[in-house]
Number of protein chains: 2
Amino acid sequence: MAISNIRYGEGVTKEIGMDLQNLGARRVCLMTDQNLSQLPPVNAVLNSLAKYGINFQMYDNVRVEPTDQSFLDAITFAKKGEFDAYVAVGGGSVIDTCKAANLYASSPTSDFLDYVNAPIGKGKPVTVPLKPLIAVPTTAGTGSETTGVAIFDFKELKVKTGIASRAIKPTLGIIDPLHTLSMPERIVANSGFDVLCHALESYTALPYNMRSPCPSNPINRPAYQGSNPISDVWALHALRIVAKYLKRAIRNPEDREARANMHLASAFAGIGFGNAGVHLCHGMSYPISGLVKTYKPKDYNVDHSLVPHGLSVVLTSPAVFAFTAQIHPERHLEAAEILGADIRTARIKDAGFILADTLRKFLFDLNVDDGLAAIGYSKADIPALVKGTLPQERVTKLSPRPQTEDDLSALFEASMKLY
Amino acid sequence: MAISNIRYGEGVTKEIGMDLQNLGARRVCLMTDQNLSQLPPVNAVLNSLAKYGINFQMYDNVRVEPTDQSFLDAITFAKKGEFDAYVAVGGGSVIDTCKAANLYASSPTSDFLDYVNAPIGKGKPVTVPLKPLIAVPTTAGTGSETTGVAIFDFKELKVKTGIASRAIKPTLGIIDPLHTLSMPERIVANSGFDVLCHALESYTALPYNMRSPCPSNPINRPAYQGSNPISDVWALHALRIVAKYLKRAIRNPEDREARANMHLASAFAGIGFGNAGVHLCHGMSYPISGLVKTYKPKDYNVDHSLVPHGLSVVLTSPAVFAFTAQIHPERHLEAAEILGADIRTARIKDAGFILADTLRKFLFDLNVDDGLAAIGYSKADIPALVKGTLPQERVTKLSPRPQTEDDLSALFEASMKLY
Ligand SMILES: NC(=O)c1ccc[n+]([C@@H]2O[C@H](COP(=O)([O-])OP(=O)(O)OC[C@H]3O[C@@H](n4cnc5c(N)ncnc54)[C@H](O)[C@@H]3O)[C@@H](O)[C@H]2O)c1
Ligand SMILES: NC(=O)c1ccc[n+]([C@@H]2O[C@H](COP(=O)([O-])OP(=O)(O)OC[C@H]3O[C@@H](n4cnc5c(N)ncnc54)[C@H](O)[C@@H]3O)[C@@H](O)[C@H]2O)c1
Ligand SMILES: [Fe+2]
Ligand SMILES: [Fe+2]
């Protein structure tokens, strides 16, 4: 497994101009979204670029929860600019968009579908060299600064999918916890739920030595390898931080210790799931986001309806872990204990229920919408949600327990109402 | 911080021929030592090279505890061979020698001292590109497969020093726990003590934000950054594995679970100290090894006297941690607890004594020689031992507590006898 470079510390963003100088960058593309372009994280980067006289162009048109079209717009900008380095300042939406822009600008004759995950795209391996990309995460969520993944919403198919290749992993992630202080409550909550699910899913994913097919040539193995003793370290550590700090980080924007810890947990969980993979919560989240009707989350300063990624993964988590627990019940119980359950008298066969209840309580305490019904779905949508999950094999195959279409229907149904 | 690629699993060595094919290697240099060249780990590599038709030359002349001269011999071999890839099969001695061979063969006009750590050498930054190096560790000790460090004994100066640069970090580490099964008892013990000290020293090293000078340009910062929240995860995890498995691994060569866990712990601790650094046990170990008189350790199949690296670091550990504890007493107490001490009624100001006692008991149970006196040193040697420690600033500066020459004398004196 490979792990990215990261630099951590309050204020380390001020060094980014020097990093770009060290890279010999002469034309830098700075990407962000319109909301962030007015906020302190982008300011800190701009100051450093100015101080070191870095020549750059800014693209602040990233769409929150990107689409194929918004990726293409950014790619067009990148191709025109002929950049020799990229800087992404934002959450997963910005970092993912920047990865795609760098990839297709570096491979200008490729068709957009070439690198998109199969079976939706062609899933071709990346063989062109990319330009350096420095990621400056501003949410504590996706861990995208550490992963070779870029996710977007394929509008035509109404489903989220992505690009997955070690080649698009950022060259450097600058984890500066000061950037998390400007996040409003729901953004902290939803991006934190993403960390929670990355940790839980990668810890319970199919073990690396049970995955099949396992291509005999290492070069053909997917980035997602299944749970393994190394990703376990990251997943458990991230889960412990989430248990200790997520509520504090959500409730008190001044709690620097909590916000800084969540910022690190996001990268830790990213390293974990970037190697082990995620499974059902993520596989099922893609149609939940992709089929969004009119839901507009609080605190998101955007003009379109959307289900924030972290919310779309966490809403099915009680049902998913109740379903998967029969495979690794000890790990499910351990996770429940870390999240605060008293398991002294627990029976191992109840592991799934116990973890599900613990998650429900956790979400209830944090005022999370009461299930898929609360964000606009009804029973009638279940066939479409299942259909949108089927092409997500890349992740659903990593579920420790195989699922039929009926199983998926039941999981969506059980997630309609949580409390 | 940067972390290497590693692949873990029983039997994964058989893929190495494919890895070399994927790298397009046409002339491979296989390095090992004369003892290992007769043992299963080298056999497994040879089988895979044969299966995939890899063209290679073998160098089995690595010296256990390498010297400047033994490095130079390997470098001469590498220069002549004009290799395009390297494979190192062995403990730290082999992997370190192979790193040096790759470096100087890739930079043929450099003087040997150019890259050696200052103040002994010139400590020049490495700017030449190196060839890929695949490391296959056979001890559970140095973690050299994950670090940018190569250590040798500078005979003329009678002191160990090294080369430290991210550029010499192996491209891939293949961690195949089957290779640990052939280790005799004392090699398991001594290499395991190295893991123990890597974990303890990196966890207690000066925190990253207190290190000075901190070069303002990130490119000039040393590989050793001081303890930080990321290296802490690795150090603590490695320490827990050592506490649980080291004794079992030493006592029972058939205990595959224990040996496999120690093999992983070695890499984990390597990732930790490779980023955070080590401090006094390591700084003081270099003259302890370098000034060796006639000590010949049991189970080492070699013709010269030597103090195995792991033994040379662990013998001062009780004295060192009693000395450093006043700076981070909680961390020292936490380490003692992980190693089995009952700290329920412990006073924080006793943290150093408690950790020192715990270490002494740990070493006593494992039949470790009773201090520096037992390996041939007396009070009269202390001035020379102190003198040999002074140039080890690269690590001694990472001690949480600064030390005078008198402090160092006292630490050596306190380490003469342990029990
Ligand atoms: N690449 C990966 O590995 C990976 C993993 C998980 C999710 N994702 C993807 O990432 C996207 C979600 O990213 P996200 O959760 O980080 O959120 P986001 O990037 O979508 O941002 C959400 C909102 O928060 C705002 N925001 C971000 N940082 C802020 C700050 N510091 N202060 C104030 N406002 C701030 C943004 O402007 C935006 O309005 C989804 O598309 C998801 O699918 C990617
Ligand atoms: N590069 C780093 O990061 C780093 C860190 C710590 C120490 N070191 C250096 O590494 C060296 C010590 O390395 P080490 O402790 O791994 O031991 P080693 O490489 O010196 O080997 C010790 C002995 O064990 C034998 N051996 C190794 N594996 C075996 C196996 N599987 N079965 C049977 N015998 C086996 C060897 O043949 C040798 O005789 C020292 O020079 C030390 O300074 C380097
Ligand atoms: Fe996610
Ligand atoms: Fe060591």
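Residues numbered from 1 in each chain as written. Chains lettered and ligands numbered in written order. Predicted model: local features only at pLDDT ≥ 70, side-chain atom pairs only at ≥ 80, totals over all residues. Heavy atoms only, no water.

Engineer: How should the sheet that holds strand S8 (residues 172–175) of chain B be read in this particular structure?
Structural biologist: Each strand in a sheet pairs with its neighbour through backbone hydrogen bonds, running either in the same direction (parallel) or in the opposite one (antiparallel). Residue and element names in this part refer to chain B. A sheet is described by the order of its strands in space; here six strands give the open sequence S1-S8-S5-S4-S2-S3, paired in parallel fashion. Strands at the two margins of the open sheet, each flanked by one partner only, are strand S1 (6–8) and strand S3 (56–62). Neighbour to neighbour, the strand axes of the sheet diverge by 20° on average, direction disregarded. Where strand S2 (residues 28–33) meets strand S4 (residues 85–90), four bridges bridge the pair, whose relative direction is parallel. Looking across to S4, one finds that Met31 is bridged to Ala88. Together, S2, S3 and S4 form the strand contacts of helix H3 (residues 68–81), whose direction differs from that of S3 by roughly 170°. (Pairing = 2+ DSSP bridges. Helix = DSSP H or I, 4+ residues; strand = E, 2+ residues; numbered from the N terminus. Axes fitted to C-alpha atoms, helices over the stretch in contact; angles between N-to-C directions. Contact = heavy atoms within 4.5 Å.)

Engineer: Would you mind going over the coordination of the iron ion (ligand 3) with me for this structure?
Structural biologist: Four donors placed tetrahedrally around a metal ideally meet at 109.5 degrees, and six donors placed octahedrally ideally meet at 90 or 180 degrees. All names here are of chain A. Around the iron ion (ligand 3), the protein contributes the donor atoms Asp194 (OD), His198 (NE2), His282 (NE2) and His309 (NE2), which lie 2.1 to 2.2 Å from the metal centre. Viewed at the metal, the four donor atoms of the iron ion (ligand 3) are separated by angles of 83 to 169°, and the geometry they form is irregular. Look at where the donors of the iron ion (ligand 3) fall in the sequence and you get D-x3-H-x83-H-x26-H. Here the residue Asp194 occupies a position in helix H5 (residues 185–204), and His309 occupies one in helix H9 (residues 309–314), the gap between them amounting to 115 residues. Judged by its relative accessible area of 2%, Asp194 falls in the buried class. For His309, a relative accessible area of 14% gives the class buried. (Donors = N, O, S within 2.8 Å, 3.2 Å for Na, K, Ca; no water. Tetrahedral: all angles 85-135°; square planar, octahedral: opposite > 155°, others 65-115°. Buried < 20%, exposed > 50% of the residue type's maximum accessible area, 1.4 Å probe, protein only.)

Engineer: How should the coordination of the iron ion (ligand 4) be read in this particular structure?
Structural biologist: Within the protein, Asp194(B) (OD), His198(B) (NE2), His282(B) (NE2) and His309(B) (NE2) serve as the donor atoms for the iron ion (ligand 4), at 2.1 to 2.2 Å. Coordination geometry of the iron ion (ligand 4): the four donor atoms subtend angles of 82 to 168° at the metal centre, consistent with an arrangement described as irregular.

Engineer: Explanation requested: helix H13 (residues 382–389) of chain B in the structure shown.
Structural biologist: Residue and element names in this part refer to chain B. Here H13 has its buried residues at Ile382, Leu385, Val386, Gly388 and Thr389. Burial along H13 is one-sided: seen end-on, the buried residues are contained in an arc of 160°. Within H13, the exposed residues directed more than 90 degrees away from the buried face are Pro383 and Lys387. In this fold, the buried residues of H13 make contact with strand S7 (159–164), helix H8 (280–290), helix H14 (393–396) and helix H15 (405–414). (Arc of directions from axis to C-beta.)

Engineer: It is not clear to me how the domain arrangement of chain A should be interpreted in this structure. Could you clarify?
Structural biologist: Interface size is commonly expressed as the accessible surface area that is lost when the partners come together. Residue and element names in this part refer to chain A. The domain boundaries assigned to chain A delineate domain 1 (5–179) and domain 2 (184–414). On a C-alpha basis, the centroid separation for the pair domain 1 and domain 2 is 24 Å. In this complex, domain 1 contributes 32 residues to the contact, which on the side of domain 2 involves 37 residues. Taking both sides of the interface into account, the surface hidden between domain 1 and domain 2 amounts to around 2800 Å²; carbon and sulfur atoms contribute 60%. The three residues of domain 1 that bury the most area against domain 2 are Ala140, Lys160 and Arg166, which together make up 19% of that side's buried surface. (Domains from an automatic or database assignment. Buried area = accessible area lost by both parts, 1.4 Å probe.)

Engineer: How do you make sense of the site of ligand 2 when you look at a structure like this?
Structural biologist: All names here are of chain B. By nearness alone, 31 residues border ligand 2, and Gly92, Ser93, Thr138, Thr139 and Thr147 come closest of all. Take Thr138: an N or O atom from its side chain is 2.7 Å from a nitrogen atom of ligand 2. Between ligand 2 and the protein, one listed contact pairs an oxygen atom with a side-chain N or O atom of His309 at 3.4 Å. Expressed as a share of its isolated accessible area of 860 Å², the protein-covered part of ligand 2 is 98%. Among the secondary structure elements, those contributing two or more residues to the shell around ligand 2 are helix H4 (92–106), strand S6 (149–154) and helix H5 (185–204). Residues of the shell around ligand 2, tallied by class, amount to 11 nonpolar, 14 polar and six charged. (Near = heavy atom within 4 Å. Polar contact = N/O pair within 3.5 Å; in protein donor to acceptor, adjacent residues only side chain to side chain. Areas by Shrake-Rupley, 256 points an atom, 1.4 Å probe, with all protein chains shown as cover. Nonpolar A, V, L, I, M, F, W, Y, C, P; charged D, E, K, R; others polar.)

Engineer: Which parts of the structure should I look at to understand the relation of the copies chain B and chain A?
Structural biologist: Note: a rotation about an axis with an accompanying shift along it relates these two copies of the chain. Under the fitted operation, chain B is carried onto chain A by 0.0 Å of movement along the axis and a turn of 180°, and the coordinates agree to an RMSD of 0.0 Å. Between the two chains, the operation in question is that of a two-fold axis. The residues that chain B uses at the interface reappear at the interface of chain A in 100% of cases, marking a shared surface. (Least-squares fit on C-alpha atoms with pLDDT ≥ 70 in both.)

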